[in-house]
2 protein chains.
Amino acid sequence: MKKYNFSIEATLDIIGGKWKIVILCILMMDQRKRTSELKRMIPNITQKMLIQQLRELEKDNIILRKVYNQSPPKVEYSLTEYGESLTHVIDLMCDWGAVNIKKRIEEGEEIQLSLEEHDGIRN
Amino acid sequence: MKKYNFSIEATLDIIGGKWKIVILCILMMDQRKRTSELKRMIPNITQKMLIQQLRELEKDNIILRKVYNQSPPKVEYSLTEYGESLTHVIDLMCDWGAVNIKKRIEEGEEIQLSLEEHDGIRN
DNA sequence: ATAAATTGTTACTTAATAGTAACTAGGTTA
DNA sequence: TAACCTAGTTACTATTAAGTAACAATTTAT
């Protein structure tokens, strides 16, 4: 039996994986992406991690996996309607994070932001 | 040099520790808490983890540690002004999590929520 | 004098998470 | 035919995070 102190822990359970928000941010920006596109966009992720994180997001009904019956295989991932409901949360978290990064840079810390900006996901 | 893909990762760096949001939620509800009070309110946390998470939150300027010059020692933790800026984010994440938990319970999963509800932190 | 309560530290162990690298399998291209 | 692309799997290893348990230092209560 899963036990939480606060409901926010459920949110972190779902978006807290090392690569999950990166995947979600990309799918929020671009609607749908093939496995290979995701892999190219996230340079340091491994095949195994990518598939693993996608599976978990799919299991949690956040993303949809659509298989095209082709060869070479084609699989596209997109947000489910339920996954879309995370958009506001993620946007607000992005905003807070952007301020945090700005603050830390002002304090002399060296931080680098890699992926391009986009309406709705403002870095 | 710290490298992020999206600024949201900075947010998760700060609130993503296993016990950090629990601590933050409590401090959002109750203004300030002594070490021992926090420990009592979070039954499964160990002394080491509690102090460790508090130190990291303090280092990130999210909470303030106030030492009273007494014996036996008295130390109180509270949100800094910057820490308060997390309130909106955490509230929204709580809301989403509450819906998620409701959904999962409807689907037959067994989940238990432990800490009492409060305005602003609605479980 | 002893025990308890306070906040905190330390060395060590265990569990969870992530990374490596090689492999499958079908089809396409050179 | 050999090399390549796609999406995915698997066994294994490394790294990180978290838990255990004992200890310190101070003062009050018994």
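As the structure is a prediction and not an experimental result, all values here were calculated from the model.

Rules and cut-offs
Residues numbered from 1 in each chain as written. Chains lettered and ligands numbered in written order. Predicted model: local features only at pLDDT ≥ 70, side-chain atom pairs only at ≥ 80, totals over all residues. Heavy atoms only, no water. Near = heavy atom within 4 Å. Polar contact = N/O pair within 3.5 Å; in protein donor to acceptor, adjacent residues only side chain to side chain. Helix = DSSP H or I, 4+ residues; strand = E, 2+ residues; numbered from the N terminus. Nonpolar A, V, L, I, M, F, W, Y, C, P; charged D, E, K, R; others polar. Phe/Tyr/Trp six-rings, centres within 6.5 Å; stacked < 30°, edge-to-face > 60°. Buried < 20%, exposed > 50% of the residue type's maximum accessible area, 1.4 Å probe, protein only. Lys NZ or Arg CZ within 6 Å of the ring centre and 35° of its normal. Pairing = 2+ DSSP bridges. Axes fitted to C-alpha atoms, helices over the stretch in contact; angles between N-to-C directions. Parallel < 35°, antiparallel > 145°, perpendicular 65-115°, else oblique. Contact = heavy atoms within 4.5 Å. Least-squares fit on C-alpha atoms with pLDDT ≥ 70 in both. Buried area = accessible area lost by both parts, 1.4 Å probe. Salt bridge = Lys/Arg side-chain N within 4 Å of Asp/Glu carboxyl O.

Student: Even after reading the chapter, I still don't get the protein's contact with DNA strand C, so can you show me in this structure?
Tutor: Not every one of the 20 residues close to DNA strand C is listed here, only the nearest: K48 and S71 of chain A together with S36, Q47 and R65 of chain B. For DNA strand C, the backbone makes up 70% of the atoms found within 4 Å of the protein, where backbone means sugar plus phosphate. Note that a sugar or linking oxygen of DNA strand C is positioned 2.7 Å from one of the side-chain N or O atoms of S71 of chain A. Within the side chain of R34 of chain B, an N or O atom sits 3.0 Å from a sugar or linking oxygen of DNA strand C.

Student: When you look at the protein's contact with DNA strand D in this model, what are you seeing that I'm missing?
Tutor: Inspection of the region around DNA strand D gives 18 residues, with Q47 and R65 of chain A together with K18, K48 and S71 of chain B positioned closest. Sugar and phosphate atoms represent 67% of those atoms of DNA strand D found within 4 Å of the protein. Here a sugar or linking oxygen of DNA strand D sits 3.0 Å away from a polar atom, N or O, in the main chain of P73 of chain A. Separating a phosphate oxygen of DNA strand D from a side-chain N or O atom of Y77 of chain A is a distance of 3.0 Å. Elements with a minimum of two residues in the surface near DNA strand D: α3 (35-41), α4 (47-59) and β4 (74-79) of chain A together with α4 (47-59) of chain B. For the surface near DNA strand D, the leading source of residues is α4 of chain A, giving 4 residues. Classifying every residue of the surface near DNA strand D by side-chain character gives 7 nonpolar, 5 polar and 6 charged.

Student: Help me understand the packing of aromatic side chains, please; the structure alone is not making it clear to me.
Tutor: To describe a pair of aromatic rings, you give the distance between the ring centres and the angle between the ring planes. Applying the stated rule across the entire model yields 2 aromatic pairs over all chains. Relative to W96 of chain B, the ring of Y82 of chain A has its centre 5.3 Å away and its plane inclined at 25°; by these criteria the two rings are stacked. On the criterion of chain membership, the pair formed by Y82 of chain A in helix α5 (residues 81-84) and W96 of chain B in helix α6 (residues 87-106) is interchain, its members lying in two chains. W96 of chain B matches Y82 of chain A in its accessibility class, with the two residues each being buried. Its guanidinium or amino end placed over the ring of Y68 of chain A, K74 of chain A lies 4.6 Å from that ring's centre, counting from NZ or CZ. Cation over ring: K103 of chain A sits above Y82 of chain B, and NZ or CZ is 4.0 Å from the ring centre.

Student: Is there a simple way to think about the sheet that holds strand β3 (residues 63-68) of chain B in this case?
Tutor: Neighbouring strands of a sheet are bound in pairs by backbone hydrogen bonds; such pairs are parallel or else antiparallel. Residues and elements named next belong to chain B. Spatially, β2-β4-β3 is the arrangement adopted by the 3 strands of the open sheet, whose pairing is antiparallel. Looking at strand neighbours, the two that pair on one side only are β2 (32-34) and β3, the edges of this open sheet. Taken pair by pair, the neighbouring strands of this sheet meet at an average axis angle of 25°, ignoring direction. Of the pairings in the sheet, the one linking β3 to strand β4 (residues 74-79) comprises 6 bridges and is antiparallel in character.

Student: What should I look at first to understand the packing of helix α2 (residues 20-30) of chain B against α4 of chain B in this one?
Tutor: All names here are of chain B. Two elements in contact, α2 and α4, have axes whose closest approach is 10 Å; the angle formed by their N-to-C orientations is 70°. In this view, α2 runs roughly perpendicular relative to α4, as classed from their interaxial angle. Taken together, the residues of α4 that come into contact with α2 (itself represented by K20, I23 and L24) are L50, Q53, L54, E56 and L57. A class-by-class count of the residues in the contact of α2 with α4 yields 5 nonpolar, 1 polar and 2 charged.

Student: Could you clarify how one ought to interpret the relation of the copies chain A and chain B in this entry?
Tutor: Between the two copies of this chain, the relationship is a rotation about some axis together with a displacement along it. When chain A is fitted onto chain B, the two copies agree to an RMSD of 0.0 Å after a turn of 180° and an axial shift of 0.0 Å. A rotation of that kind, with that shift, is consistent with a two-fold axis. Most of the interface of chain A is mirrored in chain B, where 98% of its interface residues are also at the interface.

Student: What's the story with the interface of chain A and chain B in this structure? I'm lost.
Tutor: How big an interface is tends to be stated in terms of accessible area lost as the parts join. If you look at the interface, chain A gives 49 residues, while chain B gives 48 residues. Carbon and sulfur atoms make up 68% of the surface buried where chain A meets chain B, a total of about 4600 Å² over both sides. Considering only the side of chain A, the residues that lose the most area to chain B are N5, F6 and W96 of chain A, jointly responsible for 18% of the buried surface there. Joining chain A to chain B, the criterion identifies 0 salt bridges. Here chain A is connected to chain B by 20 residue pairs in polar contact (both at pLDDT 80 or more). Listing elements by their share of the side of chain A that touches chain B, those giving two or more residues are β1 (2-4), α1 (8-15), α2 (20-30), α6 (87-106) and β5 (111-113) of chain A. The leading source of residues in the side of chain A that touches chain B is α6 of chain A, at 13 residues. Looking at the side of chain A that touches chain B residue by residue, the classes come out as 29 nonpolar, 12 polar and 8 charged. Sheet topology places β1 of chain A next to strand β5 (residues 111-113) of chain B; 3 bridges connect them, and they run parallel.

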